[in-house]
Amino acid sequence: MAAVVAGTLVATSTPASAAPDFQLPFPCGHKWRLNTYDSTHAPALDMVREPQSQTEGSPLVAPAAGTVNRSFYHDQAGNVIQINHGGGHFTTYIHLQSRAVSVGDKVARGQGIGRVGHTGPTSNGTPHLHYEQGYDANGDGSASWGFEGAERVTARFDGKAYGPGTGLEWRNVVSRNCGQAAGLFGADFNGDGVGDLFATGTGSLHIWNGRGGNGFTAPDVVGSGWNGFSRPIGGDFNGDGVGDLAAVRDGVLNIWNGKGGNRFNAAQEIGSGWTHLARTLVSLGDVNKDGRADLGAVDAEGVLHVWNGRGGNKFTSAVPIGGGWSSFGRPVGGDFNADGIGDLAAVGTDGVLHIWNGRGGNDFGQAERVGGGWTRAMASTLMSLGDVNGDGHSDLAAVKDGTLHVWNGRGGNDFTAAEPVGSGWAPHFPAESGADFNADGLGDIFATGTGILNIWNGTGANKFAAAVPVGGGWAEFGRPVGGDFNRDGVGDLAAVKDGTLNIWNGKGGNRFAPAAPAQPGWTGLTHLISPGDVNGDGHPDLATVDSEGVLHLRNGKGDNTFSPAARVGGGWSEFGRPVGGDFNRDGVGDLAAVKDGTLNIWNGKGDNTFAPAVPVTSGWSDLAHRLMSPGDVNNDGQSDLAAVDAEGVLHVHNGLGVNRFDAPVRVGPGWNEHFPS
């Protein structure tokens with residue numbers, strides 16, 4: 001390769017301070033050929049990817065943390081970046097196709113800084129990276145580069161020297177630049193540079209450590225007591241290179257700083273006022289290009305806010321980014337186009353995955369539609385893993401039919417086809433609404449009209465197993481409702497007797513713990529309703545209609561307890577029995593009820609308030625008082641409705657999203673005794 005000419009001739013010196021632990025400036029697992037060439041070139045290195053055809057456009061990442069010292073176009077060398085790593089140590093990158101960083105940007109090891117190319121005449125038109133490690137011998141704040149005698153020194157990667165002799169070549173050098181990227185994009189709790197999985201759906205924190213190649217270890221059960229917290233997120237919030245956790249409880253944001261080996265310090269309370277943001281809390285990675293992990297969340301009005309990390313578990317004030325997010329599920333963050341800047345991904349109500357690429361400065365590009373077929377259940381379990389197969393790209397995962405699937409990122413917002421990793425994940429990512437008593441991810445029907453609790457487990461495609469009689473003694477209780485009130489991943493039951501709310505916590509397999517009297521003060525009620533999560537804190541709530549027709553909400557705390565009743569509004573005596581679900585697929589609990597034969601829906605706004613009633617369809621007169629919301633019974637990820645008609649026939653109305661339902665599907669007769677008028 002031709003020599004690059006730049007700077008002023010100075011004497012090469014030996015660094016006085018130890019250099020950082022440089023890694024190859026390419027994503028983890030990439031293989032490259034390194035050459036020193038002649039004395040006018042060595043100890044600089046020219047690098048081409050193995051195979052060479054993949055060199056052009058390959059992502060370039062920082063080999064160690066530092067601050068961008070130079071980022072410009074040189075008339076001979078093309079696109080050039082130089083990073084100051086402290087202690088007089090610099091790295092310089094030449095002939096780049098593109099530059100993703102600017103002077104003054106702080107970068108973490110593994111963070112994208114640009115792409116390899118062949119710009120500038122001295123590239124000879126051949127895609128490659130001209131790379132130099134340098135030392136500022138004259139103390140002028142940079143390292144001269146590009147010519148024989150410049151302030152360049154022998155390159156070292158992962159502790160091994162590559163040079164300084166001439167005519168040397170190394171083939172298939174594997175990048176071990178694996179550790180830091182998982183902290184910014186995803187979560188790495190054991191410090192091996194591979195993204196990990198984590199969940200608290202059962203009430204205990206489980207961690208599955210990534211092993212590369214989409215493989216994971218057996219779960220490490222780290223600790224219990226997570227029922228009262230929102231679904232946690234992972235990132236490196238104190239900037240120490242080890243994955244941390246963050247979650248909200250009682251409106252307070254908590255952070256557990258990782259210590260490595262899947263161990264954590266005690267929770268640190270960061271700040272209050274997060275109740276309505278808990279459900280959509282997201283770890284963004286680095287969206288303002290300062291090398292620190294940022295947070296995001298969507299408020300009740302559908303506006304996305306960003307809190308930029310400052311390290312040490314500290315964040316700036318919220319920065320509003322833009323509205324329109326009510327039409328999307330819970331967002332996740334990652335670097336999906338491999339440019340080193342945090343991106344967002346979320347599934348719309350149309351079942352299409354969208355990606356918004358970060359542009360730095362808390363700015364995002366327009367949404368790119370990536371692919372369809374994402375059910376509501378998949379949308380609610382969408383997670384960003386970091387890099388789990390060791391190719392340097394951010395990966396996605398979601399649970400479908402109880403099976404974990406991984407989509408490996410390929411950069412450029414492109415992903416491989418889903419790879420099923422393993423089954424049995426439904427309890428760790430429980431349904432957001434409805435009742436699932438056997439933890440298979442499908443909605444079940446239950447009734448106590450005969451005085452005996454019977455459960456019909458959903459089997460998909462609007463079909464149900466034969467009734468399972470669970471136990472008697474229910475005649476003394478009001479009609480029960482279902483939900484996961486202790487946040488352990490298994491459906492529970494709640495009902496009122498003599499003014500006291502009782503909860504039966506599910507144990508799976510249609511079995512329940514004995515009734516636990518949860519709270520008194522539930523007198524004078526005509527209806528008990530399980531609407532899902534209506535205040536955005538990630539916990540199932542309850543609603544009631546009193547004898548005056550007034551609707552009240554009681555927000556769940558995830559531990560079988562509820563806040564005092566909050567008045568929503570009157571006029572509900574004119575409606576049949578209300579039920580709850582997520583009928584517009586926005587992740588917030590809604591209400592449905594029949595008046596004058598018309599089904600009406602009130603969409604929750606995420607702050608204990610509801611939009612005005614939307615009349616949906618007519619023809620519901622015979623169904624008004626035996627309406628039920630079983631969850632998802634046809635396995636398409638939508639909230640469904642069911643009802644028993646005057647002849648005792650059960651029908652299912654499959655949800656289509658956006659408050660629409662399919663034509664009724666006849667399930668079968670004989671339901672009058674279970675759902676008396």
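About the thresholds
Residues numbered from 1 in each chain as written. Predicted model: local features only at pLDDT ≥ 70, side-chain atom pairs only at ≥ 80, totals over all residues. Heavy atoms only, no water. Core = buried A, V, L, I, M, F, W, Y, C linked by side-chain atoms within 4.5 Å. Buried < 20%, exposed > 50% of the residue type's maximum accessible area, 1.4 Å probe, protein only. Helix = DSSP H or I, 4+ residues; strand = E, 2+ residues; numbered from the N terminus. Contact = heavy atoms within 4.5 Å. Pairing = 2+ DSSP bridges. Salt bridge = Lys/Arg side-chain N within 4 Å of Asp/Glu carboxyl O. Axes fitted to C-alpha atoms, helices over the stretch in contact; angles between N-to-C directions.

**So, the nonpolar core**
Right, so step 1: Among the nonpolar cores identified, the biggest contains 26 residues, and Leu34, Met47, Tyr93, Ile113, Leu129 and Phe157 are the most heavily contacted of them.
Right, so step 2: If you list the elements that add at least two residues to this core, you get strand E1 (31-35), strand E2 (45-49), strand E5 (78-84), strand E6 (89-96), strand E10 (129-135), strand E12 (155-157) and strand E14 (169-174).
Right, so step 3: Beyond its immediate chain neighbours, meaning those up to four positions away, Leu129 contacts Pro25, Phe26, Leu45, Asp46, Met47, Leu60, Tyr93, Ile94, Leu96 and Val116.
Right, so step 4: One finds Phe237, Ala246, Leu277 and Phe315 within the second-largest nonpolar core, a separate group that totals 15 residues.

**Observations regarding the pairing of strand E65 (residues 650-653)**
It is a general feature of regular strands that their side chains alternate between the two faces of the sheet.
Right, so step 1: Neither face of E65 is left uncovered, since the one carrying Leu650 and Val652 and the one carrying His651 and His653 both have all their residues buried.
Right, so step 2: With four bridges connecting them, strand E64 (residues 640-644) and E65 associate as antiparallel partners. Bridging across to E65, Leu641 finds its partner in His653.
Right, so step 3: Two successive antiparallel strands, E64 and E65, enclose a turn made up of five residues, where Gly648 displays a positive phi of approximately 80°.
Right, so step 4: Both E65 and strand E68 (residues 665-668) contribute to a ladder of three bridges, which runs antiparallel. Note that in E68 the partner of Leu650 across the bridge is Gly668.

**A word on unusual backbone geometry**
Right, so step 1: In this model, Ala42 is joined to Pro43 through a cis peptide bond whose omega is 10°.
Right, so step 2: A cis amide bond links Gly163 with the next residue in sequence, Pro164, at an omega value of 10°.
Right, so step 3: With respect to the helices and strands, the residue Pro164 is situated in the loop between strand E13 (160-162) and E14.
Right, so step 4: Look at Tyr37: it is not a glycine, yet its phi comes out positive at around 60°.
Right, so step 5: We note that Asp158 has phi near 55°; this positive angle belongs to a residue other than glycine.

**Digging into the sheet that holds strand E9 (residues 112-115)**
Pairing between the strands of a sheet is mediated by backbone hydrogen bonds and can be parallel or antiparallel.
Right, so step 1: Pairing within the open sheet is antiparallel, and its three strands lie in the order E3-E9-E7. Both outer strands of the open sheet, strand E3 (59-61) and strand E7 (98-99), are each paired with one neighbouring strand and no more.
Right, so step 2: Of the pairings in the sheet, the one linking E7 to E9 comprises two bridges and is antiparallel in character. Looking at E9, one finds that Arg99 is bridged to Gly114.

**Let's talk about the pattern of salt bridges**
Right, so step 1: According to the stated counting rule, one finds eight salt bridges in the structure shown.
Right, so step 2: The residue Asp220 makes a salt bridge to Arg263 at a minimum N-O spacing of 3.5 Å. Taken together, the residues Asp220 in strand E19 (residues 220-223) and Arg263 in strand E24 (residues 263-264) connect sequence positions 43 residues apart.
Right, so step 3: We classify Arg263 as partly exposed; its relative accessible area is 40%.
Right, so step 4: With its nearest N and O atoms 2.6 Å apart, the salt bridge here joins Glu476 to Lys497.

**A word on the sheet that holds strand E60 (residues 590-595)**
Right, so step 1: An order of E59-E60-E61-E62 is seen for the four strands of this open sheet, with the pairing classed as antiparallel. Two strands lie at the open edges of the sheet, namely strand E59 (579-581) and strand E62 (614-617), each paired on one side alone. The sheet shows a mean angle of 35° between the axes of neighbouring strands, direction not considered.
Right, so step 2: Of the pairings in the sheet, the one linking strand E61 (residues 598-602) to E62 comprises three bridges and is antiparallel in character. By the bridge assignment, Asn600 is partnered in E62 with Pro615.

Remember, this is a structural readout, not a statement about activity or role.
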